[in-house]
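# Commentary on secondary and tertiary structure
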Amino acid sequence: KGEIFQSRALSPMEKRLLMKFLQQCVTSTGIAEAKQGGWAIEGIGGSEQEQLGFKKAVGHVEGGLGHDSKTAASGTGWETNFLENQSLDGLLKEAKLSSKAADFIAHGIAMMSPSSSALAAVRRVQLYAKSIGRYSDSAFLACYYGTAEVPQGFCRMCAVYGGLYVLRRTPAYLLYGQEDGKCQGIICNKGQRLTAPLVICSSSYLPSSALPSVGQSLVRRCVCITSGQLPNTDGISLALIPPGSCGNSTCIRVLQMDWTAQACPRGKYVWYLWSETPGDCDLKAAVELLRRMAPSVGVHWCAFYSQSVWTQGESGQQTTDPQELKPGFWVVPPPSTDVDSGDAIQAGEKLFRSVCGEAAEFLEAMPEPEVVDEMFEEPVGVDLTAPLAGSGSEAWNEDQTAEATTRPCAEASISETADT
């Protein structure tokens, strides 16, 4: 709140309307409700530090904010059914925010395009408010060595529980039971048969024709190693290039990492650039814009690439829902364009609930090491020392084909006419 009112980029009237909009977002949809006479706010956190961080972010929330019948019954925020039928752009216009303040809300806090759902945007604003003051003044945390440490941490946990890793192998065929059609494992590119009651696969192993229920689009990305940092930044920072700044029709995000995150040597910086929404976006022009803004900064190395994302519907909205293509065969989505890992965690939880049931605890606490040792007295795994006589479908004899059907991954592994 203090940073907004100290800023000279907005007029006093714009600041007041902006703060009123943020307060209304936080108290919408029943996630947070200000208690009269204190700062006990549901959904914000129980500790005093979290409550004070929220107060610092949006100020004291009073009852009575809202727009007549469109507000919740408690008199604060908007009703969920109202937000479901609104776009973020429409909500910003109703709040009478200037284009400058609206861009700040859409791209700087909600981090969504103005055409996005108002309900999704309000929830992103709530998440931002709940995150401020939890660990620092910022709403963000950055992983040491990058987000690759998150799956690496999962790999360590999986190994503790008896997981087995097969390196330098890719799936060549899927095994399906002839009677129930359920996936029973894979045959890898070396001809080895690995059986399992469930197969979870990355979408990168499958062609686009294997995912009939979702569309695919490309997101432009770029990585630069530089000798200096972005203008007006200090170390790890997140910046935005607004639409129209360098011929871009969509917002471009720039994440800067320095040596304190163990992402590069001391004195060097890493810039990550990517487009906010899928589609064509010239990131080379964005890099040139940053170089003109910081002429003393040299770019030692730069790489441009594209990454597919899943989309759905005529609007091409991104989706991160895992897909069960066949019984026992799940495909997980590629990374989204979001700044945080929230979509990946939600996709993981959806898959976990689908496989393990609603009653199972998601991300339960790790037990003590001695308890794990008692759980696994003998190593659990499969025999990888006896590869099949051949590779692919040629490796199966008559007895083995009675047990399972193989389908090549190159043909989406779901074709009914695949060889057996």
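Refer to the structure presented above.
If you're wondering where the values come from, they're calculated on a predicted model, not measured in any experiment.

Our next topic: the environment of Met111. Note that Met111 resides in the loop between helix H6 (99-110) and helix H7 (118-131). By relative accessible area, which is 5% here, Met111 ends up buried. A C-alpha to C-alpha distance of 8.1 Å links Met111 and Ala121, two positions ten residues apart in sequence. Those residues in contact with Met111 that lie beyond four places of it in its chain are Ile105, Ala106, Arg124, Phe140, Leu238, Arg253, Glu276 and Val339.

Bringing the side chain of Gln256 into the picture now. Within the secondary structure, Gln256 sits in strand S7 (residues 252-257). Discounting chain neighbours no more than four positions away, the residues touching Gln256 are Gln229, Leu230, Thr233, Gly235, Ile236, Ser237, Tyr269, Val270 and Trp271.

Here the focus is helix H10 (residues 342-356). The terminal C-alpha atoms of H10, which comprises 15 residues, lie 21 Å apart, in line with the 21 Å expected from a rise of 1.5 Å per residue. Within H10 the residues assigned to the buried category are Ala347, Leu351 and Arg353. Seen from one end, H10 has its buried residues packed into an arc of 160°, which puts them on one side. Summarising the contacts, the buried residues of H10 are in contact with strand S4 (199-202) and strand S12 (329-332).

In this section: the sheet that holds S4. In a beta sheet, neighbouring strands pair by backbone hydrogen bonds and run either parallel or antiparallel. Strand order in the open sheet formed by three strands is S4-S12-S11, with mixed pairing between adjacent strands. Taken across any chain shown, the strands that pair with only one partner, and hence form the sheet edges, are S4 and strand S11 (323-326). Direction aside, neighbouring strands of the sheet carry axes that sit 35° apart on average. One ladder, built from four bridges, connects S4 with S12; its direction is parallel. Among the inter-strand pairings, Cys201 is bridged to a residue of S12, identified as Val331.

Calculation rules
Residues numbered from 1 in each chain as written. Predicted model: local features only at pLDDT ≥ 70, side-chain atom pairs only at ≥ 80, totals over all residues. Heavy atoms only, no water. Helix = DSSP H or I, 4+ residues; strand = E, 2+ residues; numbered from the N terminus. Buried < 20%, exposed > 50% of the residue type's maximum accessible area, 1.4 Å probe, protein only. Contact = heavy atoms within 4.5 Å. Expected span 1.5 Å × (residues − 1). Arc of directions from axis to C-beta. Pairing = 2+ DSSP bridges. Axes fitted to C-alpha atoms, helices over the stretch in contact; angles between N-to-C directions.

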